[in-house]
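Remarks on the overall topology
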Amino acid sequence: MSATTGRVTAVLGPTNTGKTHYAIDRMLSHRTGVIGLPLRLLAREVYDRIVALRGPSVVALVTGEERIVPDRTQYWVCTVEAMPLEIGADFVAIDEIQLCADPDRGHVFTDRLLRARGLLETLFLGAETMRPAIAGLVQGVTFLKRERFSELTYTGSKKISRMPPRSAIVGFSVENVYAIAELIRRQKGGCAVVMGALSPRTRNAQVALYQNGDVDYLVATDAIGMGLNLDIKHIAFSATAKFDGRRMRGLYPQELAQIAGRAGRHTENGTFGVTGEARPFDDEIIEAIENHQFAPVRKLMWRNHALDFGTAERLIRSLESPTSNDWLTRARDADDVLALKALIEMPEVRDRLTSPKRVQLLWDVCRIPDFRGSSDSDHAGLLARIFEYLCGRGLGGGRVPSDWIAKAVSRIDRTDGDIDAISKRLAYIRTWTYIAQRKGWVDDESHWRDETRAVEDRLSDALHDRLTQRFVDRRTSVLLRRLNQKETHVAEVNDKGEVTVEGEFVGRLEGFRFRQDASTSPDGAKVMAQAAVQALKPEFHLRADRFYNAPDTEMDFTEQGGLMWGTTAVGKLVKGAEALRPSVEAFVDDEAGFEVAEKVRRRLQHFIDRKVAAQFEPLAAMSRDETLTGLARGFAFRLVEGLGVLPRDAVANDVKELDQEARGALRKHGVRFGQFTIFLPLLLKPAPTRLRLVLWSLWNGLDEFPESPPPGLVTIPNVAEVPKAHYTLAGYHPAGTRAIRIDMLERLADILRQKDSRAGFEATPDMLSITGMTLDQFADLMAGLGYKGEKAERAKVKAAEPVVVPAVDPDAPQNPIPEEVSVLAPMPEEPVSEAPPEMEAFYTFTWAPKPRTARPERGPRPQGERRERPQGDKPQGERPQGDRPQGERPQGERRDRPQGDAKPHHGKGDRNKGGPKGDRNKGKGDRPDRNDNNKPRQFEARPQRADKPIDPDNPFAALLALKGKV
């Protein structure tokens, strides 16, 4: 192209002036044209627009990694670096011409400014700051100034949580962009992500999320400042400095304006500001951006285009040649020059530089961009190997081996991994895409172009999916969009209680409470709650009706006081006016309304009232019995307070005061006066026990309720940290390391009363069977009950084997006794080897209660004063005169009451002499036959008993009172 051909126009102005749109219209007015754009993303956008107008058969797209060139191409859309300069197009346009001052790529734009011309028309599009430089470098140029369609206003600093919809937040590093995107997802429901490193396919998919309204926020790098036309109302800078490849530097005012100018589309006004840790702009910068007034560009980056390929050294000298033009300054060494200098230092490369064509080939190889961002040595190593393949045996007649490319591409062609892993593979495939686009570098160019493009597309789609999964909450985004559009939400509740809004799962209805999905962002949570309530209002009423008519069998209470409907918690028990009359608190959302809440509460109250009435019916009947008067009624009240179980030692005085008539009245209601506990046996069943623990815990205000033991256990561990009252309420009595069930303990006590606890007794199989313990465990239990066990061993007595007498057949011939054998001679003694006897362990138990601690309010006992043992319910007999707990047998068992439970009857001779008592100390059921003289007689010495008042509770009290009167 000639520098003097055609009309040259510089269309200058700020962003949103329609410069690119104007250039497209001008190009399509010509038969052929070429437009150079600063970014691959922008080139793809313009290509799609022209294809939509003229069709794909006449439009070419040429970038470093893409090459779509139809046979009848008329219009070329390219990146500035890839522009064809030799085709002689009627029209040529260069966009963002102010990039001539860019330290990295400026020399390319400057070269196009000086050398790229159309046969009929040339356009330079860019900022007003380029006017002096263009006027000084391009002869006969015409300037066309375009004004911005809308106003741009600074709004200061805003938190991301208060960012208005249709905003773009700009960051200058991948880490910063990801962090902001994650924050927006949590607070706003999600965002799209746009970066220069994205492939066009990924970028277009992300932009579509934003443009379609699926998300209201965009997080991007400064790539959006280069011509991407998006519907943005506000631009927020999260930082005002960036790393330019060499160092961190602050953004120039014109760079800030280029990005901020993307706010406001066509005639709609836009705003800009800062967010996060970015410092607010100075007044001078604000005024410059709002009024589009910046200092003009004074120097353009330049590099010699007339390269000398004679030798590598001459090539480098030509690249480093200076300029004498006042408007131009030599650009710093770009990546391609640095790669060239690194490669010519390699002996294997230098040895192949045997001709200018080899040097030119090396320069073409060095211009492969380092898409991977690897270290200089890694990138140089890759370039050296490619150069080696391209040299081949002939003069640059080689090719990059297909198997090598195939192996490299296959390693990249994977869509697993996170965002970073896929982004890295995308960068790698761009290298091979670039190589495949070079003419003559690979065999079967079309195959590798299609193959690398297909891999890039797959990776691009995977990256878009990962970005969307990580930074977009679709549920919240959909709801926010419909809420902003004032649309009615379609909300549903399925049979499983899952609540969906617009088909998106938003939470679950548990009973009468809506549990929102925890993964929802805070802002989205409010929207979801509003939308869900619309569907839940009728559902609340339907559920309340269904719950009110449900049978009690569908409801239950937990051991911590919760109220369940099936597997769903619908309420809890709270303390009521009485222990047996708890109140309920229903779990119902406020949105359900008072009517639903009251219906649920009433149904729960009915359930627990009926449950208490059924489980504690004996207590209710006893409290209603008007025949109970005086002490009996008071004791019945104590039992009701204790929920049917009272430790005997806690009510010992009350028990003593009850006469036989009062006790009989209480026994009619099932009350049993045990030796250790006063209880109603019916209330020791698992169901009443479980409810008793809950009611007692509620009444006493416990934070954590004790749980009832599993049903069927006779003993459970005795944990020191657990209060004794908890065991009593659970129906157990702690003794030693175990706690034994109350009813089984009373059965054991009945057996123990038949034993001589002073002389000692052994454990019987009945005792072990009742407790379900081994002998050692039983000894520990007895120690907990106040007995002392002495362990010993003895020979185990085996049962005598029966003597088998052989049957004699009377008809069989008898063998006569020989004459030499005497029938009177003694039988010969056979030697007997005595085996050691088998030993067995046994315990001898005696009553040995622990001494009680002297109470401070009691004075010392007078010397010689004998302590009177209270009578009460204590059965008399062979019990020692200690503090052993007392009790009585159930009324129905009186006929089988052992002799030891009544006062012993002593003969006169036995009372004073301490002689043998015969068998009077045994129970009636165990009394031996008086005529059986084969059994040894037992004797016991004890002092004479003092006369004591008759125990009114003794079943034989009436007969004893007549003693001596008849």
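Residues numbered from 1 in each chain as written. Predicted model: local features only at pLDDT ≥ 70, side-chain atom pairs only at ≥ 80, totals over all residues. Heavy atoms only, no water.

**Digging into the overall build of the chain**
Note the threshold: Only DSSP runs of H or I covering at least 4 residues are called helices, and only runs of E covering at least 2 are called strands; the numbering of each starts at the N terminus. Throughout, exposure labels follow a simple rule: accessible area from a 1.4 Å probe, protein chains only, divided by the maximum for the residue type, with under 20% read as buried, over 50% as exposed, and the rest as partly exposed. Throughout, a contact is declared for two residues whenever any of their heavy atoms are within 4.5 Å.
A tally of helices and strands in the chain yields 30 helices and 34 strands. When burial is assessed residue by residue, the chain has 47% of its 966 residues classed as buried. The contacts in the chain between residues at least 6 apart in sequence include a share of 69% that link residues at least 24 apart.

**With respect to the confidence of the model for the chain**
For clarity, the threshold we go by: Confidence of the predictor at the level of single residues is captured by pLDDT, which takes values from 0 to 100.
Chain-level statistics for the chain give a pLDDT mean of 82 and a share of 79% at 70 or above. A low-confidence stretch, residues 853–885 stays under pLDDT 50, and its non-local contacts, those more than four residues away or across chains, total 76 contacts. A low-confidence stretch, residues 889–943 stays under pLDDT 50, and its non-local contacts, those more than four residues away or across chains, total 68 contacts.

**Quick notes on the sheet that holds strand β6 (residues 91–94)**
Filter applied, for reference: Strand pairing is assigned whenever DSSP identifies at least 2 bridges connecting the two strands. Note on method: axes are straight lines fitted to C-alpha atoms, helices fitted across the in-contact stretch only, with angles between N-to-C directions ranging 0 to 180 degrees.
The 8 strands are arranged β4-β3-β5-β2-β6-β7-β1-β8 in an open sheet whose pairing can be described as mixed. Single-partner strands in this sheet number two, and they are β4 (67–68) and β8 (142–145). Here strand β3 (residues 59–62) pairs with β4 via 2 bridges, running antiparallel. Counted as the bridge partner of Leu-61 is Ile-68 from β4. In the packing of helix α2 (residues 40–54) onto the sheet, the strands contacted are β2 (33–37), β3, β4 and β5 (75–79), and the crossing angle to β5 comes to about 165°.

**Some points on the packing of helix α14 (residues 402–412) against helix α15 (residues 419–437)**
Keep this limit in mind: Note on angle classes: values under 35 degrees are labelled roughly parallel, values over 145 roughly antiparallel, values of 65 to 115 roughly perpendicular, and the remainder oblique. By convention, the crossing between two helices is left-handed when the near helix turns anticlockwise from the far helix through less than a right angle, and right-handed when the turn is clockwise.
One can describe the packing of α14 onto α15 by two numbers: an axis separation of 10 Å at closest approach and a directional angle of 160°. Between α14 and α15, the interaxial angle falls into the category roughly antiparallel. Between α14 and α15 lies a crossing whose hand is left-handed. Each of Trp-404, Ile-405, Ala-408, Val-409 and Ile-412 in α14 lies in contact with α15, whose residues at this interface are Arg-425, Tyr-428, Ile-429 and Trp-432.

**Digging into the pairing of strand β25 (residues 568–578)**
Relative to β25, strand β24 (residues 562–565) is paired through 4 bridges, and the arrangement is antiparallel. What sits directly across from Trp-565, in β25, is Thr-568. Linking two consecutive strands that pair antiparallel, namely β24 and β25, is a turn of 2 residues; a positive phi of about 70° is found at Gly-566 within it. Between β25 and strand β26 (residues 581–586), which pair antiparallel and follow one another directly, the connecting turn spans 2 residues.

**Describing the sheet that holds strand β32 (residues 738–741)**
The strand order across the open sheet formed by 3 strands is β30-β32-β31, and the pairing between neighbours is antiparallel. Edge positions in the open sheet fall to β30 (715–717) and β31 (732–735), since each of these has one partner strand only. When strand polarity is set aside, the average angle formed by the axes of neighbouring strands in this sheet is 30°. Pairing geometry for β31 and β32, over 4 bridges, is antiparallel. Note that in β32 the partner of Tyr-732 across the bridge is Arg-741.

**Observations regarding a negative patch on the surface**
Short version of the rule: Exposure above 30% relative accessible area and no salt bridge define the residues that can form patches, which grow by joining like charges within 9 Å and nonpolar side chains of Val, Leu, Ile, Met, Phe, Trp and Tyr within 5 Å. Throughout, the Shrake-Rupley method with a 1.4 Å probe supplies accessible areas, and for residues the shown protein chains are the sole cover considered. For this analysis, a salt bridge means a side-chain nitrogen from Lys or Arg found within 4 Å of a carboxyl oxygen belonging to Asp or Glu. Only four residue types enter the tally: Lys and Arg on the positive side, Asp and Glu on the negative side; His and the chain ends are excluded. Throughout, a charge is located at the NZ atom of Lys, the CZ atom of Arg, the CG atom of Asp or the CD atom of Glu.
Residues Asp-282, Asp-283, Glu-284 and Glu-287 make up a contiguous surface patch of negative charge. Mapping Asp-282 onto the fold places it in the loop between β16 (270–274) and α8 (283–291).

**Observations concerning the environment of Leu-781**
Tracing the chain through its elements places Leu-781 in helix α28 (residues 775–784). Looking at Leu-781, the relative accessible area reads 1%, which means it is buried. Considered as a pair, Leu-781 and Arg-738 are 43 residues apart in the sequence and their alpha carbons are 6.8 Å apart. When neighbours within four sequence positions are excluded, Leu-781 is seen to be in contact with Ala-735, Ile-740, Leu-748, Thr-771 and Met-773.

**Considerations on the nonpolar core**
Rules: Take the buried residues of types Ala, Val, Leu, Ile, Met, Phe, Trp, Tyr and Cys, join any two whose side-chain atoms come within 4.5 Å, and each joined set is a nonpolar core.
Counting residues in hydrophobic clusters, the biggest one holds 67 residues, and the most contacted among them are Leu-340, Leu-362, Ile-386 and Trp-432. Not counting the four nearest positions on each side in its chain, Trp-432 is found in contact with Leu-382, Trp-404, Ile-405, Ala-408, Val-409, Ile-412 and Thr-452. In this structure, Phe-512, Leu-580, Leu-639 and Leu-693 belong to the second largest nonpolar core, which totals 63 residues.

**What about the pattern of salt bridges?**
What the rule picks out here adds up to 57 salt bridges. Of the charged contacts in the structure, one is a salt bridge between Asp-333 and Arg-330, with a shortest N-O distance of 3.8 Å. Between Lys-791 and Asp-776 there is a salt bridge, with its nearest N and O atoms 3.6 Å apart. Remark: Asp-776 occurs in helix α28 and Lys-791 occurs in strand β33 (residues 787–795); sequence separation between them is 15 residues. You can call Lys-791 exposed: its relative accessible area is 52%. The exposure class assigned to Asp-776 is partly exposed, which follows from its relative accessible area of 44%. Ionic contacts of the salt-bridge type, sharing partners, join the residues Arg-40, Arg-44, Asp-48, Glu-65, Glu-66, Arg-201, Arg-430, Arg-453, Glu-456, Asp-457 and Asp-461 into one network.

**Quick word on unusual backbone geometry**
One non-glycine residue, Asn-16, lies in the positive phi region at around 60°. Looking at the element boundaries, Asn-16 is found in the loop between β1 (7–12) and α1 (19–28). Taking relative accessible area as the criterion, Asn-16 reaches 17% and is therefore assigned buried. A positive phi angle, close to 55°, is found at Glu-96, a residue other than glycine. Counting through the fold element by element, Glu-96 comes out in the loop between β6 and α3 (106–115).

**Remarks on α1**
To keep things clear, this is the line we draw: Note that the arc is computed from the directions linking the helix axis to the C-beta atoms.
Among all positions in α1, only Lys-19, Thr-20, Ala-23, Ile-24, Met-27 and Leu-28 are buried. The buried residues of α1 occupy one face: seen down the axis, they fall within an arc of 165°. Elements that come into contact with the buried residues of α1 comprise β1, β2, α2, β5, β6 and β7 (121–126).

**Details of the packing of aromatic side chains**
The criterion, for reference: Pairing of aromatic side chains requires ring centres within 6.5 Å, counting the rings of Phe and Tyr and the six-membered ring of Trp. Pairs whose planes differ by under 30 degrees are stacked, by over 60 edge-to-face, and all others tilted. In this scheme, the term charge over a ring applies when either NZ of a lysine or CZ of an arginine sits within 6 Å of the ring centre and within 35 degrees of the ring normal.
One pass over the structure, following the stated rule, counts 17 aromatic pairs. On the basis of an interplanar angle of 55° and a centroid distance of 5.0 Å, the ring pair of Tyr-389 and Trp-404 is categorised as tilted. Of this pair, Tyr-389 sits in helix α13 (residues 376–391) while Trp-404 sits in helix α14, and the two are 15 residues apart along the sequence. Three or more aromatic residues joined by ring pairs make a cluster, and in this case those are Phe-761, Phe-778, Tyr-787, Tyr-843, Phe-845 and Trp-847. The ring of Trp-699 carries Lys-575 above its face, with NZ or CZ at 4.7 Å from the centroid. Just above the ring of Phe-842 sits the side chain of Arg-794; from NZ or CZ to the centre is 4.2 Å.

**Structural notes on the side chain of Ser-238**
Rule in force here: The definition of a polar contact used here is a pair of N or O atoms within 3.5 Å, where within protein one atom must be able to donate a hydrogen and the other to accept one, and adjacent residues in sequence count solely through side-chain atom pairs.
Position of Ser-238 among the secondary structure elements: in the loop between β13 (234–237) and β14 (241–243). From its side chain, Ser-238 meets the backbone oxygen of Val-170 in a polar contact 2.7 Å long. Residues contacting Ser-238, with those up to four places away along its chain left out, are Ile-169, Val-170, Gly-171, Asn-176, Ile-180, Thr-275, Glu-277 and Ala-278.

**Points about the packing of helix α20 (residues 617–624) against helix α21 (residues 630–641)**
Keep this limit in mind: Asp, Glu, Lys and Arg are counted as charged, while Ala, Val, Leu, Ile, Met, Phe, Trp, Tyr, Cys and Pro are counted as nonpolar; the rest, among them Gly, fall into the polar class.
Packing of α20 against α21 leaves a shortest axis separation of 10 Å and a crossing angle of 150°. Of the possible angle classes, the one that applies to α20 and α21 is roughly antiparallel. The hand of the α20/α21 crossing is left-handed. For the pair α20 and α21, contact is made by Leu-619, Met-622 and Ser-623 and by Arg-633, Ala-636, Leu-639 and Val-640, respectively. Residue composition of the contact of α20 with α21, grouped by class: 5 nonpolar, 1 polar and 1 charged.

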